[in-house]
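Letter by letter, the chains look like this.
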Amino acid sequence: MAERFYLYDETEDTKTRFVSFMGDHQRFDLAIISSSRYYGKQLVLDVQSNRFAIIGQDDLDEEGYLEHAYRLSAEEAEELRDFLREVV
């Protein structure tokens, strides 16, 4: 077997916030992970849908970003966007 080639293998302390809220259209169960790795952005995991994205303020302003990343309708994405604007 060939030797494994790692691009990187690092351990870092992170801060994780678990939050659940019910919007008008959907329930969101999120894990929001803060790390120095993503240039000040947060790793946001949607536990219900098994989807995640690296999100910063600029991503929240990008049209269709949340809809695509989490496979949400425009209304569902707007609920998530409103919440993430408070925490990202």
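Since this is a predicted model, take the numbers as computed values, not measurements.

1. Details of the environment of Leu66
You can see Leu66 is positioned in helix H2 (residues 65-70). Residue classification places Leu66 among the buried residues on the basis of a relative accessible area of 0%. Remark: the alpha-carbon pair of Leu66 and Ala77, spanning eleven residues in sequence, is separated by 5.8 Å. Setting aside chain neighbours within four positions, we find Leu66 in contact with Ile55, Leu60, Arg71, Leu72, Ala77, Leu80, Arg81 and Leu84.

2. Overview of helix H3 (residues 74-87)
An α-helix turns once per 3.6 residues; consequently, residues spaced three or four apart project the same way. Over its 14 residues, H3 runs 20 Å from end to end, which matches the ideal 20 Å to within 8%, given 1.5 Å per residue. Among the structural elements, strand E1 (15-22), strand E2 (27-34), strand E3 (42-46), strand E4 (51-55), helix H1 (57-61) and H2 are those in contact with the buried residues of H3.

3. Observations regarding the side chain of Glu79
Position of Glu79 relative to the elements: it lies in helix H3. Of the side chains with opposite charge, Arg81 comes closest to the buried, unpaired Glu79, at an N-O distance of 11 Å. There is a polar contact of 2.6 Å between the side chain of Glu79 and the backbone nitrogen of Asp24. Engagement of the side chain of Glu79 in a polar contact is seen with the backbone nitrogen of His25, the distance being 3.0 Å.

4. Quick look at the packing of aromatic side chains
One pass over the structure, following the stated rule, counts two aromatic pairs. Measuring from ring centre to ring centre gives 5.1 Å for Phe21 and Phe28, while their planes differ by 25°; the resulting arrangement is stacked. We note that Phe21, like Phe28, is buried. Ring geometry for Phe21 and Phe83: centres 4.8 Å apart, planes at 35°, overall tilted. A residue pair is termed long-range when its members are at least 10 positions apart, and Phe21 in strand E1 and Phe83 in helix H3 qualify at 62 residues. By way of ring pairs, the aromatic residues Phe21, Phe28 and Phe83 are connected into one cluster.

5. Quick word on the pairing of E1
As defined by bridge partners, E1 adjoins E2 across eight bridges and the pair is classed as antiparallel. Of the residues in E2, the one forming a bridge with Lys15 is Ser34. Where E1 folds back onto E2 in an antiparallel hairpin, the turn is made up of four residues.

The rules behind each value
- Residues numbered from 1 in each chain as written.
- Predicted model: local features only at pLDDT ≥ 70, side-chain atom pairs only at ≥ 80, totals over all residues.
- Heavy atoms only, no water.
- Helix = DSSP H or I, 4+ residues; strand = E, 2+ residues; numbered from the N terminus.
- Buried < 20%, exposed > 50% of the residue type's maximum accessible area, 1.4 Å probe, protein only.
- Contact = heavy atoms within 4.5 Å.
- Expected span 1.5 Å × (residues − 1).
- Lys, Arg positive; Asp, Glu negative; His and termini not counted.
- Salt bridge = Lys/Arg side-chain N within 4 Å of Asp/Glu carboxyl O.
- Polar contact = N/O pair within 3.5 Å; in protein donor to acceptor, adjacent residues only side chain to side chain.
- Phe/Tyr/Trp six-rings, centres within 6.5 Å; stacked < 30°, edge-to-face > 60°.
- Pairing = 2+ DSSP bridges.

Spatial relationships are all this shows, so hold off on functional conclusions.
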